[in-house]
Amino acid sequence: MTLTMLNLHQLVVKQIILHHPTQKLFQPIPASDRRRSSKERLTDEKVLPFSAFLTDSFGRRHNYLRISLTEKCNLRCQYCMPEEGVKLTPRGQLLSTSEVLTLAQLFVREGVDKIRLTGGEPLIRPDVLDIIAELKKLVGLKTVAVTTNGINLSRLLPKLKDAGLDLINISLDSLVPAKFEFVVRRKGFHKVMESIDKAVELGYNPVKINCVVMRGLNEDELLDFVQLTEKKPLEVRFIEYMPFDGNKWNFKKMVSYQEMLDQIRQQWPNLERLQSGPADTAKTFKVPGFKGQLGFITSMSDNFCGSCNRLRITADGNLKVCLFGNSEVSLRDILRSGASDEELLRIIGAAVGRKKKQHAGMFTISQMKNRPMVLIGG
């Protein structure tokens, strides 16, 4: 893939920020601006053509885009942000609704078929329903998902389903109300549990539960979380504690995948390993006879970089090609500079092309400067 690095340099250095009113209605990108030559797409006998711009130097095709809709959150989870909170980006420097949808359309046109909306807490964004409804109109986009803390989910779920939301991930780190409040530094346990039940009631299957496991805090609840999958179509995903700015990560607090698995197998020795898709992040298992299943996100002890298909856009419009990488490119500035789609794609392609084979080890990551998780899109 040939990239014009001069154009990349010129556009990035400009850093032009035009403060214009947020447009409430999505203006479709004109078809005349959406042309590209066939040589800019990769082809394969067994798969549909896929954009060279979204394919890195190791052949990984990035068809999954995570978009952060806001930096704000109504919780203060210990592993996600510092206790004192974070400095928020001025509103005018955040992506407008129109910009979110314009970038989404561009990525979908190039081969992205799954978009996950994150935050902060995405459901506190007032126009989240409109954004989901517009995303569902994009030809080629198969899945719209959301990751939420569940506090506002229950009351919004019927409208989210009507808007077309396909998948839901809910964060829940303890089944003990007092411990839940300690981890998230806020109340709301019963609202989250109500949201889980409501999602099941409305037919979401599976409802994914994200649980960050931290030694000395909630590793004693692993079996209780697995028990949740007995009668409900849940997929409880145990996530290894990961280092981000301000979360006071320390190796001693991390419980590895193997340690968690060994503990669970002592209770359920017949635990079955399930087959995973080529780009799945979770190693999935099932207790025979249970309705749901469990999974492990092993970013620290056994990374899955070789099959990574994910890109991230932060709420302020920066493209991150790796969750643990600290290099970013501002798509917002390029978009607001009036750059053509071709120029924008070349910037995206250059960033994707520089993606490393794998992220650094956990100790190196813990010393690197990166955003707090809440400012990345958790």
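The name given to the protein chain in an unreviewed UniProt entry is Molybdenum cofactor biosynthesis protein 1, with the source organism recorded as Xiphophorus maculatus. Under the heading Subunit (unreviewed entry), UniProt records this for the protein chain: "Isoform MOCS1A and isoform MOCS1B probably form a heterooligomer." The record held by UniProt for the protein chain lists under Pathway (unreviewed entry) the comment "Cofactor biosynthesis; molybdopterin biosynthesis."

A. Structural context of the overall build of the protein chain. Assigned secondary structure in the protein chain consists of 11 helices and 14 strands. Going through the 378 residues of the protein chain one by one, you find that 54% of them count as buried. Residue pairs at least 24 apart in sequence account for 73% of intrachain contacts in the protein chain once pairs closer than 6 positions are excluded. Total accessible area on the protein chain is roughly 17,400 Å²; 52% of this is exposed by carbon and sulfur atoms.

B. The packing of helix α4 (residues 153-163) against helix α6 (residues 189-201), seen in detail. Between α4 and α6, the shortest axis-to-axis distance is 8 Å and the interhelical angle comes to 25 degrees. One way to sum up the angle between α4 and α6 is to call them roughly parallel. Judged by the twist between their axes, the crossing of α4 over α6 is right-handed. Contact residues: α4 offers L153, S154, L157 and P158, while α6 offers E194, S195, K198 and A199. Its residues assigned to classes, the contact of α4 with α6 comprises 4 nonpolar, 2 polar and 2 charged.

C. Spotlight on the sheet that holds strand β9 (residues 272-273). With mixed pairing, 12 strands are arranged side by side in an open sheet as β9-β10-β11-β8-β7-β6-β5-β4-β3-β12-β13-β14. This sheet does not close on itself; its edge strands, each paired only once, are β9 and β14 (329-330). Inspection of the sheet shows strand β8 (residues 234-240) paired to strand β11 (residues 293-297) by 5 bridges, in the parallel sense. Each residue of the ladder has a partner; that of E235, found in β11, is Q293.

D. Seen up close, the pattern of salt bridges. Following the criterion strictly, the structure yields 17 salt bridges and no others. R109 serves as the salt-bridge partner of E110, at 2.6 Å between the closest nitrogen and oxygen. Grouping residues by exposure puts E110 and R109 together as buried. Here R346 ties to E342 by a salt bridge, and the two come within 3.0 Å at their closest N and O atoms.

E. Structural context of the packing of aromatic side chains. What the rule picks out here adds up to 6 aromatic pairs. Measuring from centroid to centroid gives 5.7 Å for F180 and F189, while their planes differ by 70 degrees, and the two rings are edge-to-face. Exposure remark for F180: the relative accessible area of 3% places this residue in the buried category. The class for F189 is buried, based on a relative accessible area of 9%. An aromatic cluster is built from F225, F238, Y257, F285 and F296, whose rings are joined through pairwise contacts. Stacked on the ring of Y64, the Lys or Arg K114 has its end atom at 4.5 Å from the ring centre. The positively charged end of K283 is found above the aromatic ring belonging to Y257, 5.5 Å away from the centroid.

F. Summary view of the pairing of strand β3 (residues 64-68). Of all 5 residues in β3, 5 are buried; the element is thus mostly enclosed. Along β3, one buried face is formed by Y64, R66 and S68 and the opposite face, lined by L65 and I67, is buried too. Bridging between β3 and strand β4 (residues 114-118) involves 5 bridges; their strand directions are parallel. Its bridge partner being in β4, S68 is matched across the sheet by T118. For the segment spanning β3, helix α2 (residues 97-109) and β4, crossover handedness is right-handed. Looking at chain direction, β3 and strand β12 (residues 310-313) are connected through 4 bridges and run parallel. Paired with R66 across the bridge in β12 is R312.

G. A look at helix α10 (residues 341-353). Taking 1.5 Å per residue, 13 residues should reach 18 Å; α10 reaches 18 Å between its end C-alpha atoms and fits that length. Turning to α10, its buried residues are D341, L344, L345, I347, I348, G349, A350, A351 and V352.

H. Spatial organisation of the side chain of S195. Mapped onto the elements, S195 comes out in helix α6. In this view, S195 contacts G150, L153, S154, L157 and I170; residues no more than four positions away in its chain are not counted.

I. Summary view of α6. With 13 residues, α6 should cover 18 Å at 1.5 Å per step; its first-to-last C-alpha distance of 19 Å lies within 8% of that length. Among the residues making up α6, those that are buried are F189, V192, S195, I196 and A199. Down the axis, α6 shows its buried residues gathered within 125 degrees of arc, on one side only. Away from the buried face of α6 by more than 90 degrees, exposed residues H190 and E201 are located.

Quick notes on the rules
Residues numbered from 1 in each chain as written. Predicted model: local features only at pLDDT ≥ 70, side-chain atom pairs only at ≥ 80, totals over all residues. Heavy atoms only, no water. UniProt positions renumbered as here; feature names shortened; annotations may be inferred. Helix = DSSP H or I, 4+ residues; strand = E, 2+ residues; numbered from the N terminus. Buried < 20%, exposed > 50% of the residue type's maximum accessible area, 1.4 Å probe, protein only. Contact = heavy atoms within 4.5 Å. Areas by Shrake-Rupley, 256 points an atom, 1.4 Å probe, with all protein chains shown as cover. Axes fitted to C-alpha atoms, helices over the stretch in contact; angles between N-to-C directions. Parallel < 35°, antiparallel > 145°, perpendicular 65-115°, else oblique. Left-handed = near helix turned anticlockwise from the far one by under 90°. Nonpolar A, V, L, I, M, F, W, Y, C, P; charged D, E, K, R; others polar. Pairing = 2+ DSSP bridges. Salt bridge = Lys/Arg side-chain N within 4 Å of Asp/Glu carboxyl O. Phe/Tyr/Trp six-rings, centres within 6.5 Å; stacked < 30°, edge-to-face > 60°. Lys NZ or Arg CZ within 6 Å of the ring centre and 35° of its normal. Right-handed = clockwise from strand over helix to strand, strands pointing away. Expected span 1.5 Å × (residues − 1). Arc of directions from axis to C-beta.

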